[in-house]
Amino acid sequence: MRWDDLLYGEIEIPEEVWKLFAHPLLIRLRGISQAVLPLEANPFTALNRFWHGIGVWWLAKVLTARPEFRQRHIARNLPLAGLLHDAGNPPFSHIGEWFMKEAIGHDGETHLRELLLGSELAHALERLGADPPFVCNLVAGRAEPWSQLLNGSVDLDNLDNVLRYAHGRGLRAVTYDPFRIIAGFRIAPKGRAIEIDLAALWEVRKWQMARRAIYESVYGYPQQALETMLFRALELAYVAGELPPEFWRLTDAGAVRHLETCNRGTRTLIRDVMALQPYRLVQSWEGKEPPFACEWSSWRVRKSVADELVAVAGVEPCEGTAFVEMGRDRRQIMLAVRGDDGELHSARREEDEPTYRLHVYLKHQPSRSVAAELSDLPAFASRAIQNCPPSSR
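Procedures and definitions
Residues numbered from 1 in each chain as written. Predicted model: local features only at pLDDT ≥ 70, side-chain atom pairs only at ≥ 80, totals over all residues. Heavy atoms only, no water. Helix = DSSP H or I, 4+ residues; strand = E, 2+ residues; numbered from the N terminus. Rg over C-alpha atoms; globule rule 2.2 N^0.38 Å. Buried < 20%, exposed > 50% of the residue type's maximum accessible area, 1.4 Å probe, protein only. Contact = heavy atoms within 4.5 Å. Areas by Shrake-Rupley, 256 points an atom, 1.4 Å probe, with all protein chains shown as cover. Phe/Tyr/Trp six-rings, centres within 6.5 Å; stacked < 30°, edge-to-face > 60°. Pairing = 2+ DSSP bridges.

Caption draft 1: Quick peek at the overall build of the protein chain. For the protein chain, the count of helices and strands is 17 helices and 9 strands. Whereas a compact globule of 393 residues would reach a radius of gyration of roughly 21 Å, the protein chain reaches 22 Å, a difference of no more than 12%. When the backbone C-alpha atoms are referred to their principal axes, the protein chain occupies close to 65 × 50 × 40 Å. Across the 393 residues of the protein chain, 55% fall into the buried class. A separation threshold of at least 6 residues defines the contact pool for the protein chain, and within that pool the share at least 24 residues apart is 71%. Counting every atom, the protein chain has about 16500 Å² of accessible surface; 50% of that belongs to carbon and sulfur.

Here it is, written out as structure tokens:
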């Protein structure tokens, strides 16, 4: 069956794989944005996770055509794991994960096991000679060294994701050749790790530069403002106990419809997100060193900063948002690099250490006194997080 791909052109997909597209897990992926904002409210890119999954499937097929990766259990399972690797994602992908982890104990990768095993799709995979538990382990990073190819520092998922997002966003200057990087993947002599050839390292560096470029747009205005509003809408609904277990299996559109029935603050935020009405960026900060000690992946940290913001501004909880994050734009390469002489080298660089970011947004222009209170944003945020539970700091 012919598939015309945005990046790779015409791809031939076997009929038995095409039939998998009819299963609910893969149908749902067509309604999950590759970015965070729902497709209906995303003027920046209109890509979905289903297309991305086909791209990762294709890269895995190319890799497993090479003799050293043609081992039966890898060749049969890695492409299908690539196709399904995002099937456990919640609505709104990475924003939803902040809350899903606490609500049901899973991130997007580990959630796949709960959704897949025992399903008709799992039986279909078995008929293709695949091992569904092994597929889940590849996705979740629990099948070393093979899961490094799908859940590692530079992997098939990221090779497709960065380039696809860049093309969907119109960033035509962002380019690298994923096939050159794939050609550089090697199995370590004792089979315990995945390595990369020194000859492919320059192409990996181009991928790192491309990743930074797309995140410049993600962290920019107005996209970041809209994403923090969506985050705050989810947070208010989660704290109010309005997100039932089945919420995490909805599409983006289904999740929006549910949030439109929640508390007034969540409804207000969702209405503004869907209308593309971003809040004002009133202060921002970024640096290479964390300005204070906290759990940067805790939603409660963001909540504390947003709560303090609206308290100082004297506005409703839904009228202020915060972004507190250890950046995802820079990524260290953890794979060992092997030169022609057989010597191993490290690909780690100081410049690839993460950047820490603080942004605060208000629906309306702040007063001069509020602006003055926010002028030293790290100090303001540090005071705010003192209200977090100790485990979240």
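Caption draft 2: Spotlight on the packing of aromatic side chains. Overall, the coordinates contain 16 aromatic pairs when judged by the stated rule. With centroids separated by 5.0 Å and ring planes inclined at 85 degrees, the aromatic side chains of phenylalanine 21 and phenylalanine 50 adopt a geometry described as edge-to-face. Pair noted here: phenylalanine 21 is in the loop between α1 (15–18) and α2 (24–29) and phenylalanine 50 is in helix α3 (residues 49–64), with a separation of 29 residues, a long-range link. Neither phenylalanine 21 nor phenylalanine 50 differs from the other in exposure class; each is buried.

Caption draft 3: Structural view of the sheet that holds strand β8 (residues 344–345). With respect to topology, 4 strands assemble into an open sheet ordered β3-β4-β7-β8, the strand pairing being mixed. Looking at which strands have only one partner, the edges of the open sheet turn out to be β3 (185–187) and β8.

Honestly, that's just the spatial picture; any functional story needs more than this.
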